[in-house]
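# Geometric and topological summary
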Amino acid sequence: MEKQYIPKDVERKWQEKWRQDQAFRVTEDPSKEKYYLLEMFPYPSGRIHMGHVRNYAIGDVVARFKRMQGFNVLHPMGWDAFGMPAENAAIENKTHPAKWTYENIDSMRQQLERIGLSYDWQREFATCHPDYYRWEQLVFLKMYEKGLAYKKGSSVNWCPDCATVLANEQVEDGSCWRCHNLVEQKELEQWFFKITDYADELLDWTDKLPGWPERVLAMQRNWIGKSYGCEIEFPVADSEEQVKVFTTRPDTLFGATFMSLAPEHPMAKTLVTAEQKTAVDEFVAKVERQDKIERTSGDLEKLGVFTGSYCINPLNGNKIPVFLANFVLMDYGTGAVMAVPAHDQRDFEFARKYELPITVVIQPEGDELIAEQMEEAYVGPGSLVNSGRFDGVDNESAKEKIAAYLDERSEGRKTVNFRLRDWGVSRQRYWGTPIPVIYCDSCGAVPVPEKDLPVILPDDVELTGEGGSPLARHEEFLKVDCPKCGKAARRESDTFDTFVESSWYFARYACPDYTDGPLDKEAANYWMPVDQYIGGIEHAVMHLLYARFFTKVLRDLGMIDVDEPFTNLLTQGMVCMETQRCAEHGWLYPEQIKDGKCTLCGKTAELGRTEKMSKSKKNVIDPNALIDQYGADTARLFSLFAAPPEKDLEWNEQGVEGCSRFLGRVWRAVLDNMELIGSAEIPSDASGSAADLRRKTHQTIKKVTEDVDGRFHFNTAIAAVMELVNAIYAFKDGEQNPGVLREALEAVVRLLNPFVPHACEELWEVLGHNESIEKAGWPKWDDAALVADEITLVVQVNGKVRGKVEIAVDADKETAEKAALAESNVQRFVEGKQVRKIIVVPGRLINIVVS
């Protein structure tokens, strides 16, 4: 056996053995408690990065730990394989998205296997395969039957130069990411999922997920945005039309001095007078180029344009001008806002800018607001003024009273509003799941019959990068007979948003080979919900919300019996590294810097901020190069030891080297002591230094178990094992107590196995065990071994520490006092003085009071 630790040999050996033995394959076993551990599956870009290494290493620790605890652990891996990058790469490289995707999958699978991840690869699938998306199409048909899927006109991002719809992520600063020309808003027919039907349940369950980070739950609550208020009808002057607004502040209605409409509002065009048309058209065109998220930001400059029309305030009869405003969106409420500038900061800024009237309707106690003197809106409590019959009523009571008054007059009603909007799932691109609908001139939209699923994505399309979906030009795909009447018809050429695939993949892992439907209900009910899900917080209100919605839909379709997909959620931090750049060559990769200078030109490299690793800033470390140099176990250990999982990890070359040295110490600790420990029996008790080592061993087992189990304090768990290794090196009585030494060494190897499995499997074999270390199980601590025979007490003289003494745990007070007075350094401070009293605090300290 090599005395020197050579990672590549050890790792190659065990990865091959795990592969041959299908070591991590699992099946349902009702006799065992299940544990479903899952990391968010990756997009097959072709190369893993350090973020992958960290994310998957975190998950692998938990999976291996739970397996050693005796759980039936499901730990699968697959590929989120549809999407724009593959289509773009195919256009750029003149290849096919499927070829590009599957080549990348093969490459990434090999890279992930090099990390030593304990996946059940028998359950692997790619979402771009018909065996997967055929069932997604079936779920869509079931949703369509129940009214949960529908088509309607919607405002979308439209690039006139590329003649295509763009997803929000494809719009950069109001321009198309590909041609960099300005994007417009355009009305198109789109497919939607009715997630709003589940708004209340999605919101209610945010209070029933204690295993989720509060930050994520708060983001989802805010995104769902449930608010109680009043819907009010403002008649349009000289018209039969009405503008409906939703407000949570009916108490301020008398202070509404103008109306703000979203530029996308359906009435925006009908309210524009001839005199204002040019100004309005220019304003709308400008706002169409603004990002929707930017339009809701607090520091956005508030801009608007007068339509030329007026509304009537239903309570006081005042005519108020109607403006279009850039900060009002159709995505919230009715797309119309009654503007109360005295009591809303956004409205206040707008009114000041356009010299609109400000009317105070809430006066705070002990103060008087004068509109002309106000420097900001007053949003606190108070009593109503300038509010007719409601003057003097406190504003909270006025909310209810004014709402009831409006209801009596049929001018408004109490209602509940949600910020959440239905999920638009249509995408005008090729590389996605075909939406299984056929359009017939006689029958309208006709769902594809179940027997005809899957609707296969054709592989003979021409990808030109020009406008529109390639499927819309594929005659063989498009032309089809109507399933109802048999007449000539055409297929839907849109494909699903890729978030649809990732909204149920976790359930399909429970039964990836099932051929009678989307889910084998028995298997899905055994494994689901996922016990621990791991992924980035950037998915908080997209993937995580959609997955919750989809799980509830699958439940209501009778396919599964769970309410929520993920019991516990860990959002891991980012991997960060300092950036460096050259004045001439810009950002530099680490390998382009030597002795602080750019290797391309010799100029001094400028040290920048520490930021998330990204190719654009070139502050990246290639995991393959790291593994080549140090081994996978070192890469895993550093990513787990350098920071708690939920915190950002800052890359540190010295930290990597330190982890490598530690593994070398563990290796030598076992190899150097093999002759000594032989086949020594592990004792049930010990004394002296052996008892100290045994106590340290069991303290470490307890500490690591508690740190890993549910808390995920991997860094402190690893630190505890490092302390135990130090204690092993300091132990000098191995010849007299080989069993205690063996127990300590075996504990180190078993405790480290989830973190560095290759080295631990090898050392476990060296220690004489024939079965895998995972079969040995997780070590248990002995409470009796944790109890010390002796205890160390601090000795104070007049409250100042002057020494320490060791006494028997069961020593009486008199013995403790004698030991303290006999301590040599203590004697220096009591000599020649009178001892007034001695205070003994059991288990902690002795304080000698002298004068």
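Residues numbered from 1 in each chain as written. Predicted model: local features only at pLDDT ≥ 70, side-chain atom pairs only at ≥ 80, totals over all residues. Heavy atoms only, no water.

By the naming in an unreviewed UniProt entry, the chain goes by Leucine--tRNA ligase and is assigned to Malonomonas rubra DSM 5091. In its Catalytic activity (unreviewed entry) section, the UniProt entry covering the chain states "tRNA(Leu) + L-leucine + ATP = L-leucyl-tRNA(Leu) + AMP + diphosphate". Turning to the chain, the UniProt annotation filed under Sequence similarities (unreviewed entry) states: "Belongs to the class-I aminoacyl-tRNA synthetase family." (UniProt positions renumbered as here; feature names shortened; annotations may be inferred.)

On to the overall build of the chain, then. Regarding its fold elements, the chain presents 27 helices and 35 strands. Over its C-alpha atoms, taken along the principal directions, the chain stretches across nearly 105 × 80 × 65 Å. In the chain, which comprises 851 residues, the share counted as buried stands at 53%. Contacts in the chain between residues far apart in sequence, at least 24 positions, make up 71% of those at least 6 positions apart. Side chains of the chain carry 101 positive and 135 negative charges; the gap between the two charge centres is 2 Å. (Helix = DSSP H or I, 4+ residues; strand = E, 2+ residues; numbered from the N terminus. Buried < 20%, exposed > 50% of the residue type's maximum accessible area, 1.4 Å probe, protein only. Contact = heavy atoms within 4.5 Å. Lys, Arg positive; Asp, Glu negative; His and termini not counted. Charge placed at Lys NZ, Arg CZ, Asp CG, Glu CD.)

Taken domain by domain, the chain holds domain 1 (28–127 + 499–572), domain 2 (147–194 + 422–496), domain 3 (226–418), domain 4 (575–650), domain 5 (668–786) and domain 6 (790–850). Between the C-alpha centres of domain 2 and domain 4 the distance comes to 42 Å. (Domains from an automatic or database assignment.)

Under the counting rule described, the total for this entry stands at 46 aromatic pairs. The interplanar angle of 20° and the centroid separation of 4.6 Å between the aromatic rings of Tyr132 and Trp504 together place this pair among those described as stacked. Here Tyr132 is found in helix H5 (residues 130–145), whereas its partner Trp504 is found in the loop between strand E23 (495–496) and helix H13 (505–508), with 372 residues between them in sequence. Taken as a pair, Tyr132 and Trp504 share a single burial class, namely buried. For the ring pair Phe258 and Phe323, a centre distance of 6.1 Å and an interplane angle of 70° mean the geometry is edge-to-face. (Phe/Tyr/Trp six-rings, centres within 6.5 Å; stacked < 30°, edge-to-face > 60°.)

What follows concerns the pattern of salt bridges. As enumerated under the stated definition, the model contains 55 salt bridges in all. For Arg221, the salt bridge goes to Asp207, with nearest N and O atoms at 3.2 Å. Of the two residues, Arg221 is situated in helix H7 (residues 214–224) and Asp207 in the loop between helix H6 (199–204) and H7; the sequence distance between them amounts to 14 residues. The salt bridge involving Lys414 is made with Glu400; its shortest N-O contact spans 2.6 Å. One end of the pair, Lys414, is in strand E16 (residues 412–417); the other, Glu400, is in helix H11 (residues 395–408), with 14 residues separating them in the sequence. Overall, the relative accessible area of 54% leaves Lys414 in the exposed class. Among the residues examined, Glu400 registers a relative accessible area of 45% and is labelled partly exposed. (Salt bridge = Lys/Arg side-chain N within 4 Å of Asp/Glu carboxyl O.)

On the basis of which strands lie adjacent, the open sheet formed by four strands has the order E2-E1-E24-E25 and parallel pairing. The sheet is open, and its two edges are formed by strand E2 (72–74) and strand E25 (566–571), each paired on a single side. Looking at each pair of strands side by side, their axes are set apart by 20° on average, direction ignored. One ladder, built from three bridges, connects strand E1 (residues 34–39) with strand E24 (residues 530–535); its direction is parallel. Along E24, the bridge assignment pairs Glu39 with Ile534. In the packing of helix H2 (residues 50–68) onto the sheet, contacts are made with E1, E2, E24 and E25, and the angle to E1 comes to roughly 170°. (Pairing = 2+ DSSP bridges. Axes fitted to C-alpha atoms, helices over the stretch in contact; angles between N-to-C directions.)

Where helix H21 (residues 714–730) contacts helix H22 (residues 738–752), the two axes come as close as 10 Å, and the packing angle between them is 155°. Relative to H22, H21 is oriented roughly antiparallel. Relative to H22, the crossing made by H21 is left-handed. From H21, Val721, Leu724, Val725 and Ile728 reach across to H22, where they touch Leu741, Ala744, Leu745, Val748, Leu751 and Leu752. Considering only residue class, the contact of H21 with H22 consists of 10 nonpolar, no polar and no charged. (Parallel < 35°, antiparallel > 145°, perpendicular 65-115°, else oblique. Left-handed = near helix turned anticlockwise from the far one by under 90°. Nonpolar A, V, L, I, M, F, W, Y, C, P; charged D, E, K, R; others polar.)

The subject of this paragraph is the side chain of Thr307. Tracing the sequence through the fold places Thr307 in strand E11 (residues 304–312). When sequence neighbours within four positions are dropped, the list of residues in contact with Thr307 reads Leu271, Val272, Thr273, Gln276, Val280, Val322, Phe323 and Leu324.

As a further point, take the sheet that holds strand E33 (residues 800–808). Within a sheet, neighbouring strands are paired by backbone hydrogen bonds and run either parallel or antiparallel to one another. On the basis of which strands lie adjacent, the open sheet formed by four strands has the order E33-E32-E35-E34 and mixed pairing. The sheet is open, and its two borders are formed by E33 and strand E34 (835–841), each paired with just one other strand. Each neighbouring strand pair of the sheet contributes to a mean axis angle of 20°, computed without reference to strand direction. Pairing of E34 with strand E35 (residues 845–850) involves six bridges; the strand directions are antiparallel. Opposite Val841, over in E35, you have Leu845 as the bridge partner. Where helix H26 (residues 813–822) meets the sheet, its contacts fall on strand E32 (790–797), E33, E34 and E35, and the angle it forms with E34 comes to roughly 120°.

On the UniProt side, "binding site: ATP" (unreviewed entry) is annotated at positions that read Lys615 here. Within the element layout of this structure, Lys615 appears in the loop between strand E30 (606–612) and helix H16 (623–630). Lys615 sits in the exposed class, given a relative accessible area of 64%. Setting aside residues up to four positions removed in sequence, Lys615 forms contacts with Tyr589 and Val620.

Let us now look at the packing of helix H3 (residues 84–93) against helix H4 (residues 97–114). At their nearest, the axes of H3 and H4 sit 8 Å apart, and the two run at 110° to each other. Here H4 runs roughly perpendicular to H3, going by the angle between their axes. In this structure, the crossing between H3 and H4 has a hand that is right-handed. Between H3 and H4, the residues in contact are Pro85, Ala86, Glu87, Ala89, Ala90 and Asn93 and Pro97, Trp100 and Thr101, respectively. Tallied by class, the residues present in the contact of H3 with H4 amount to six nonpolar, two polar and one charged.

Right, let's get into unusual backbone geometry. For the peptide bond that leads from Leu453 to Pro454, omega is 0°, which places it in the cis range. Inspection of the secondary structure assignment puts Pro454 in the loop between strand E20 (444–447) and helix H12 (475–478). Cis geometry is adopted by the peptide bond preceding Pro529, which originates at Met528 and carries an omega value of 0°. Relative to the helices and strands, Pro529 is located in the loop between helix H14 (521–527) and E24. Non-glycine residue Gln22 carries a positive phi angle of around 45°. Tracing the sequence through the fold places Gln22 in the loop between helix H1 (7–21) and E1. With a phi angle near 60°, Lys618 is a residue other than glycine that sits in the positive phi range.

Along the polypeptide, Lys552 turns up in helix H15 (residues 543–556). Within polar-contact distance, the side chain of Lys552 engages the backbone oxygen of Asp563 at 3.0 Å. (Polar contact = N/O pair within 3.5 Å; in protein donor to acceptor, adjacent residues only side chain to side chain.)

Another aspect to go through is the UniProt feature "short sequence motif: 'HIGH' region" (unreviewed entry) in the chain. The residues that UniProt annotates with the feature "short sequence motif: 'HIGH' region" (unreviewed entry) are residues 42–52. Note that residues 42–52 is 27% helix and 0% strand, and that its end C-alpha atoms are spaced 8 Å apart.

To continue, consider helix H10 (residues 345–354). Buried within H10 are the following residues: Asp347, Phe348, Phe350 and Ala351. Down the axis of H10, the smallest arc covering the buried residues is 165°, so these residues share one side. Each element contacted by the buried residues of H10 is listed here: strand E10 (258–261), E11, strand E12 (319–325) and strand E13 (336–339). Between the side-chain oxygen at the start of H10 and the backbone nitrogen of Arg346 there is a gap of 3.1 Å, and the oxygen is on Asp344. Directly beyond the C-terminal end of H10, a positive phi value near 55° is found at Glu355. (Arc of directions from axis to C-beta.)

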